[in-house]
Amino acid sequence: MAERRLLVLFGSQTGTAQDTAERVGREAKRRHLRCRVEALDSCDVANLIHEPLVVFVCATTGQGDPPDNMKMFWRFLFRKNLPAGSLCQLDYAVLGLGDSSYPKFNFVAKKLHKRLLQLGGNPLLPVALGDDQHDLGPDAVVDPWLVALWDKILALYPLPPGLEIISPDVRLPPTYSLHYLPEDSPHPESGLLQPAAPRAAPCELHPFAARVLSNQRVTAQGHFQDVRLIEFDIAGSGITFSAGDVMMIQPQNCPEDVQQFCQLLCLEPHRRFVLEPTEPGTSLPPLLPQPCTIQYLITHYLDISCVPRRSFFELLASFSTNELEQEKLQEFSSAQGQEELYSYCNRPRRTTLEVLWDFPHTTRAIPADYLLDLIPRIRPRAFSIASSMLTHPERMQILVAVVRYKTRLSKPRRGLCSTWLASLNPEQGDIRVPLWVKKGGMKFPADPATPVIMIGPGTGVAPFRAAIQERVALGCRGNFLFFGCRHKSKDFYCQTEWEELVTKGFLTLFTAFSRDQEEKVYVQHRIRENRRLVWELLSSGNAHVYLAG
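Owing to the predicted nature of the structure, the values given are computational and were not obtained by experimental measurement. (Residues numbered from 1 in each chain as written. Predicted model: local features only at pLDDT ≥ 70, side-chain atom pairs only at ≥ 80, totals over all residues. Heavy atoms only, no water.)

> Hey, could you go over the packing of helix H8 (residues 323-333) against helix H9 (residues 338-346) for me, with residue numbers and the actual values?
Two numbers describe a pair of packed helices, the interaxial angle and the distance between the axes. Two elements in contact, H8 and H9, have axes separated by 7 Å at closest approach and are oriented at 105°. If you check the angle between H8 and H9, you find them roughly perpendicular. Along the contact surface, H8 presents Lys328, Glu331, Phe332 and Ser333, while H9 presents Gln338, Glu340, Leu341 and Tyr344. Classifying every residue of the contact of H8 with H9 gives three nonpolar, two polar and three charged. (Axes fitted to C-alpha atoms, helices over the stretch in contact; angles between N-to-C directions. Helix = DSSP H or I, 4+ residues; strand = E, 2+ residues; numbered from the N terminus. Parallel < 35°, antiparallel > 145°, perpendicular 65-115°, else oblique. Contact = heavy atoms within 4.5 Å. Nonpolar A, V, L, I, M, F, W, Y, C, P; charged D, E, K, R; others polar.)

So this is what it looks like as C-alpha cells:
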C-alpha cells in the first residue's frame, strides 16, 4: 500500500496562513497520516519531486506579492529551465488566503496553482480562495474545502484496517513536552542577546542587540499622538542599509502582562525547563534557548497580547473542566459561532491574556506542555529606516507612532512593539533591542540628476528622510517633498532639518497642515496647486514619484 504521508507547506506574512496550515496538519493526524508542516522556504524545493501529496497554504501580501517566507521557493518554481513534467507524480491542493478589497485578490495562490499544473502536478481540487472580506472570514471557504479535500485524500489513501478517524473530542498530543529541571541544577549564562559581532549579517534567527542611544518624543506634549525618533548604535554589527530599507525589531511583552499570565496559569517565572519534541523529526523552536526559564518564554516568545484565532479556542475548550466555560469555548471554535467570536474577540481587539481572564477555570487547567501549541510566537515588526548611513554612520534611526486606541473595552488597546519601544529609556543604563535589516520595496534612482517627488504624510515621511539625507550627501538637488500633518506646531516632524535644507537649496518643501485653518488641507491639495511643476518634473525631468503612508 502507498505510504500515507502528507506535506503541508505554507507562505505566511501575519501568521494566518501558518495557523491554517497547522489546522490541516492536525486534521491529517486525526486521519493517521504522517504529516509535516513547514514554511515554504524551510523545505528543500528540489525534494518536491519525491513528494506524493502536498497541500500548499499561501497568503498574498501587498500588491500580489508572495510572503517573505516563500520568496526563495517562488523564484525557484518560476525558473524557465524547469522541465514541464517534473512534478507529474505530485498530487496537490492549493488553499489561498487573501482580501478581495485588493485588486490582486489571492494572486499568489492562483499563480501557484497554475504553475504546478504546468509542471505536471495533479490537482486534487480547484484552488480555494479564502477571503478576509467575507462575513465569516476565510473560514467560509476553508471549512467546506477541507471537507472535500479529506474525501479526496481518503479515497487515494484509505485508513489502514482497524483504524478510525480520531474524534475531534480527543485532544492530540502536544508538539513538545516541557520538562522542568531540578531547582538546584546549574545555570549556564544565557548568551542570547550578547552584543558580540555576529559572523554574518544579522537576521531573524540571529538578531543584533543594538544599544538604544536616544528616544526622543517629536510631537508636542499636549498632542494626542506620541511619536518617537529612536536612534540605535549598530557599530560592529555588520549591518548595511540604504534608503527605502526596513528595520525589523523583535519586541517583547511588558513585565505586568508576564506577571499576570504566570499568576493566571499558576506558573513559577524562574523555573527552568527543556523542550523535547513528541515526534521524531520535529525541530525545536529556533529562537528559544535550551534550557529556558518560564519568564523568558513568556517575555520573549509567547504572543500573549495578540488577538487569538479560532484554533486557540478549539484547543482551550479541550482543557476545560468547567461546563459553562467549555460550552462557550466550543461555540467560539465552531463554524456557526464565528460571528459571535468576531464580536467578542476581533472587533474589540481582545487579547489572549484578556480571554484567559474571562475563562479562569479553564486557564488554570492548561498544561504547560501545550503552551507553544496554544499561543503563537511574537512576530517581528517592521519600521522604515529614517536615516542614512552617509549622514549617520554606525547609527540607525526610526520614526515610531505609538499605537494606542479605544474600543468598547475599558482598557485602551496598545501596540505591543511601539509601546515597548516608547518605554525604553537609554539614561537608565545599557538598553538593547534585537534587530536586523530587510531590503525594502523602494529603490531610489541611481542617477543623481533624476528628480524625486516624495509624498509622505505623517510618519510616512520616515523613508524619505533617509532618502533625502542620502541624496544630499551625494550632492543631489532635485528633491521635492510633500509633507502633511495636523498642526504645524504639534506634529511637524523634522521641521528644523527640512527648513535648513530648503535654505541651502537641496529641498523643495510643500506642507499641508490639515487642522490649522477652517478648511482641511491635505497633501493632495498641495499637489493639485503645484500641478504644473509636478507635470513638468514628470514630463521633461523623468522624475520618480514615491508615496508612503
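> Tell me about unusual backbone geometry, and please be specific about residues and values.
Each neighbour pair has its own omega, and for Gln290 with Pro291 the value is -10°, a cis peptide bond. Secondary-structure assignment places Pro291 in the loop between strand S11 (272-277) and strand S12 (292-293). The backbone of His32 shows a phi angle near 60°, a positive value even though the residue is not glycine. Residue placement: His32 occurs in the loop between helix H1 (16-30) and strand S2 (34-39).

> A description of the nonpolar core should follow, citing residues and the corresponding values.
Side chains of a nonpolar character, in soluble globular proteins, are inclined to be buried together. In this structure, Phe261, Leu297, Ile298, Leu302 and Phe313 are the most contacted members of the largest nonpolar core, which totals 42 residues. Take this core: its biggest share by element is six residues, from helix H7 (residues 310-319). If we skip the residues at most four places from it in the chain, Phe261 touches Leu267, Ile298, Ile304, Leu353, Leu356, Leu371 and Ile375. (Core = buried A, V, L, I, M, F, W, Y, C linked by side-chain atoms within 4.5 Å. Buried < 20%, exposed > 50% of the residue type's maximum accessible area, 1.4 Å probe, protein only.)

> Run through the UniProt feature "domain: Flavodoxin-like" (unreviewed entry) in the protein chain, naming residues and quoting values.
Here, UniProt's "domain: Flavodoxin-like" (unreviewed entry) annotation points to residues 6-150. In the segment residues 6-150, helix accounts for 32% and strand for 23%; the C-alpha atoms at its two ends are 12 Å apart. (UniProt positions renumbered as here; feature names shortened; annotations may be inferred.)

> Go over the packing of helix H5 (residues 255-264) against helix H6 (residues 294-301) with me, naming the residues and quoting the values.
Contact geometry for H5 and H6: axes closest at 10 Å, N-to-C directions at 125°. The orientation of H5 with respect to H6, classified from their angle, is oblique. The handedness of the crossing between H5 and H6 is right-handed. Here H5 contributes Val258, Phe261 and Cys262 to the contact with H6, which in turn contributes Ile294, Gln295, Ile298 and Thr299. Partitioned by chemical class, the residues of the contact of H5 with H6 number five nonpolar, two polar and no charged. (Left-handed = near helix turned anticlockwise from the far one by under 90°.)

> Lay out the environment of Leu275 in plain terms, naming residues and giving numbers.
Position of Leu275 relative to the elements: it lies in strand S11. Residue Leu275 is classed as buried on the basis of its relative accessible area of 6%. Spatially, the C-alpha atoms of Leu275 and Pro289 are 9.7 Å apart, while their sequence positions differ by 14 residues.

> Which residues make up the pattern of salt bridges, and what are the values?
The tally for this structure, following the rule as stated, stands at 26 salt bridges. With a shortest N-O distance of 3.2 Å, Glu27 and Arg23 are connected by a salt bridge. In this pair, Glu27 and Arg23 are both assigned in helix H1, four residues apart and thus about one turn of the helix distant. Note on Arg23: relative accessible area 16%, which makes it buried. Via salt bridges that share partners, Arg23, Glu27, Asp139, Asp143 and Arg310 belong to a single interconnected network. (Salt bridge = Lys/Arg side-chain N within 4 Å of Asp/Glu carboxyl O.)

> Mind laying out the sheet that holds S11, listing which residues take part and the relevant values?
Ordered by their spatial adjacency, three strands build an open sheet running S7-S11-S12, and the pairing between neighbours is antiparallel. Of all the strands in the sheet, the pair left with one neighbour each is strand S7 (176-180) and S12. Inspection of the sheet shows S11 paired to S12 by two bridges, in the antiparallel sense. Considered in S12, the bridge of Phe273 is made with Cys292. (Pairing = 2+ DSSP bridges.)

> I'd like to hear about the domain arrangement of the protein chain, residue by residue, with values.
Split by domain assignment, the protein chain resolves into domain 1 (5-156), domain 2 (258-374) and domain 3 (452-547). Of note, the centres of domain 1 and domain 3, computed from C-alpha atoms alone, are 43 Å apart. (Domains from an automatic or database assignment.)

> Can you explain the packing of aromatic side chains? Please cite residues and give values.
Enumeration over the complete set of coordinates arrives at 12 aromatic pairs. Centroid distance Phe313 to Phe332: 5.4 Å. Interplanar angle 70°. Geometry classified as edge-to-face. A residue pair is termed long-range when its members are at least 10 positions apart, and Phe313 in helix H7 and Phe332 in helix H8 qualify at 19 residues. Just as Phe313 is buried, Phe332 falls in that class too. The rings of Phe312, Phe313, Phe332 and Tyr344 are connected pair by pair, giving a single aromatic cluster. Above the ring of Phe107, the side-chain terminus of Lys104 is found at 4.9 Å from the ring centroid. (Phe/Tyr/Trp six-rings, centres within 6.5 Å; stacked < 30°, edge-to-face > 60°. Lys NZ or Arg CZ within 6 Å of the ring centre and 35° of its normal.)

> Explain the sheet that holds strand S8 (residues 208-217) to me, using residue names and the numbers behind them.
Pairing within the open sheet is antiparallel, and its six strands lie in the order S13-S10-S17-S8-S9-S14. Each edge of the open sheet is held by one strand with a lone partner, namely strand S13 (381-384) and strand S14 (395-401). Across the sheet, the mean angle from the axis of one strand to that of its neighbour is 40°, orientation sign disregarded. Bridge analysis of S8 against strand S9 (residues 227-233) gives six bridges, and the strand direction is antiparallel. Bridge assignment links Asn215 to a residue of S9, and that residue is Ile230.

> Quick rundown of H9? Include the residues and the values.
Turning to H9, its buried residues number three or more, namely Gln338, Leu341, Tyr344 and Cys345. Seen from one end, H9 has its buried residues packed into an arc of 125°, which puts them on one side. In this fold, the buried residues of H9 make contact with helix H4 (139-156), H7, H8 and helix H10 (352-358). (Arc of directions from axis to C-beta.)

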